[in-house]
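Geometric and topological summary
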Amino acid sequence: MEKRICKKCLLRDLAAEDQKDLTKYLSVIKKQDKVKDEVYEKRLNICRECERLIDATCDACGCYVEFRAAVKTGRCPYKKW
C-alpha cells in the first residue's frame, strides 16, 4: 500500500511515534518560555491554513511548526503570528 503524506498535518495529526516525540520535546521547554495554550492553538490554526505547511514543517524555514509555535520567542517567517 502506498504511503500518503499529509501536506496540511501537524505532528500530532500523524503517527503515534511522531506524537510521542512531540510530547517529549515540548516537555523540555521551560514553562516560563512557553506561550499559553490559547496562543499555541491560535498559532497552529494559522499554520494549518498556510500554503507553506508541508508534513508538519514550515517550508519557508524548515522548522517543525509545533515547536516554534510553543515558545514565546517563536515567530512566523511571514509574520502571520
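Residues numbered from 1 in each chain as written. Predicted model: local features only at pLDDT ≥ 70, side-chain atom pairs only at ≥ 80, totals over all residues. Heavy atoms only, no water.

A word on the packing of aromatic side chains. On inspection of all chains with the given rule, the structure shows 2 aromatic pairs. Taking the centre distance of 5.8 Å and the plane angle of 80° together, the rings of Tyr25 and Phe67 count as edge-to-face. Of this pair, Tyr25 sits in helix H1 (residues 16-27) while Phe67 is found in helix H3 (residues 65-70), placing the two residues 42 residues apart along the sequence. Arranged with centres 5.7 Å apart and planes meeting at 75°, the rings of Tyr64 and Phe67 form a pair that is edge-to-face. You can call Tyr64 partly exposed: its relative accessible area is 39%. On the basis of relative accessibility, which here comes to 22%, the residue Phe67 falls in the partly exposed class. Among the aromatic residues, those joined into a ring-pair cluster are Tyr25, Tyr64 and Phe67. (Phe/Tyr/Trp six-rings, centres within 6.5 Å; stacked < 30°, edge-to-face > 60°. Helix = DSSP H or I, 4+ residues; strand = E, 2+ residues; numbered from the N terminus. Buried < 20%, exposed > 50% of the residue type's maximum accessible area, 1.4 Å probe, protein only.)

Counting residues in each nonpolar core, the largest one holds 19 residues, and the members touching the most others are Leu26, Tyr40, Leu44 and Val65. Breaking this core down by element, the ones donating at least two residues are H1, helix H2 (37-49) and H3. Not counting residues up to four positions away in its chain, the partners in contact with Leu44 are Leu10, Arg12, Val65, Glu66 and Ala69. (Core = buried A, V, L, I, M, F, W, Y, C linked by side-chain atoms within 4.5 Å. Contact = heavy atoms within 4.5 Å.)

If you roll a probe as big as a water molecule over the atoms, it shows you where there is empty space left. What the rule picks out here adds up to 1 cavity of 30 Å³ or more. Put simply, the parts of the chain that give the lining of the largest cavity at least two residues each are H2, strand S2 (57-58) and H3. Taken together, the residues of the lining of the largest cavity break down into 11 nonpolar, 1 polar and 3 charged. (1 Å grid on protein atoms, 1.4 Å probe; cavity = no way out; pocket = protein on both sides within 12 Å on 5 of 7 lines; lining within 4 Å. Points joined across faces, edges and corners; volume = space filled by probe spheres on them. Nonpolar A, V, L, I, M, F, W, Y, C, P; charged D, E, K, R; others polar.)

Purely spatial values, then, with no claim about function.
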